[in-house]
Amino acid sequence: MKESTLVRMSFSIEAELLKELEKLIAQSGYENRSEFVRDMIRKQLTRKVCSISKEVIGTVSVLCDRSFPDIENKLNGVLDNTGVKVLGATRFALPEKCSSTMITVTGIGDNIREMVNAMRRLKGVVQAEFVITSPAGSSAGH
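### Quick notes on the pattern of salt bridges
Here the structure, examined in full by the defined rule, presents 4 salt bridges. The partner of Glu 22 in a salt bridge is Arg 33, and the shortest N-O contact between them spans 2.5 Å. Of this pair, Glu 22 sits in helix α1 (residues 15-28) while Arg 33 sits in helix α2 (residues 33-53), and the two are 11 residues apart along the sequence. The class for Glu 22 is partly exposed, based on a relative accessible area of 30%. Since its relative accessible area comes to 47%, Arg 33 is described here as partly exposed.

In structure tokens form, the structure reads like this:
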């Protein structure tokens, strides 16, 4: 096993944010801040590597203002014009003329990211986020 070299870091954080971080660490079962931060960094690095040119599975979450004409059809148009495969989708109408859509997708990470960016540019899309669940074909989430 390769011997690791630990490097000490220091950073500033607002007191209220630290308080919330401490709660999160305790709820997540980490023994200390360092363990939590190392795990968080590893997860982000894995997501970055997987999301660039590898096939991934993930969820796209889109919040729309339905008062914009034809927003649902415009979203479907974006979905239809990408190399991204839709595995399933659920759409909910919410109060205040909003809708929430969750779309499970698979494809090359960059293609999915481009698709989500195209969704964000549509007038009427309030928020669009992509979360990688795992590299495609992997039984373990990374």
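### With respect to the nonpolar core
Grouped together as the largest cluster of nonpolar side chains are 20 residues, with contacts concentrated most on Val 60, Val 62, Ile 112, Met 115 and Met 119. Within the residue set of this core, elements represented by two or more residues are β1 (55-65), α3 (71-80), β3 (98-108), α4 (109-120) and β4 (125-135). Residues contacting Met 115, with those up to four places away along its chain left out, are Val 60, Val 78, Leu 79, Thr 82, Val 84 and Val 105.

### Side note on the packing of aromatic side chains
Under the counting rule described, the total for this entry stands at 1 aromatic pair. Geometrically, the ring pair formed by Tyr 30 and Phe 36 is edge-to-face, given 5.2 Å between the ring centres and 90° between the ring planes.

Calculation rules
Residues numbered from 1 in each chain as written. Predicted model: local features only at pLDDT ≥ 70, side-chain atom pairs only at ≥ 80, totals over all residues. Heavy atoms only, no water. Salt bridge = Lys/Arg side-chain N within 4 Å of Asp/Glu carboxyl O. Helix = DSSP H or I, 4+ residues; strand = E, 2+ residues; numbered from the N terminus. Buried < 20%, exposed > 50% of the residue type's maximum accessible area, 1.4 Å probe, protein only. Core = buried A, V, L, I, M, F, W, Y, C linked by side-chain atoms within 4.5 Å. Contact = heavy atoms within 4.5 Å. Phe/Tyr/Trp six-rings, centres within 6.5 Å; stacked < 30°, edge-to-face > 60°.

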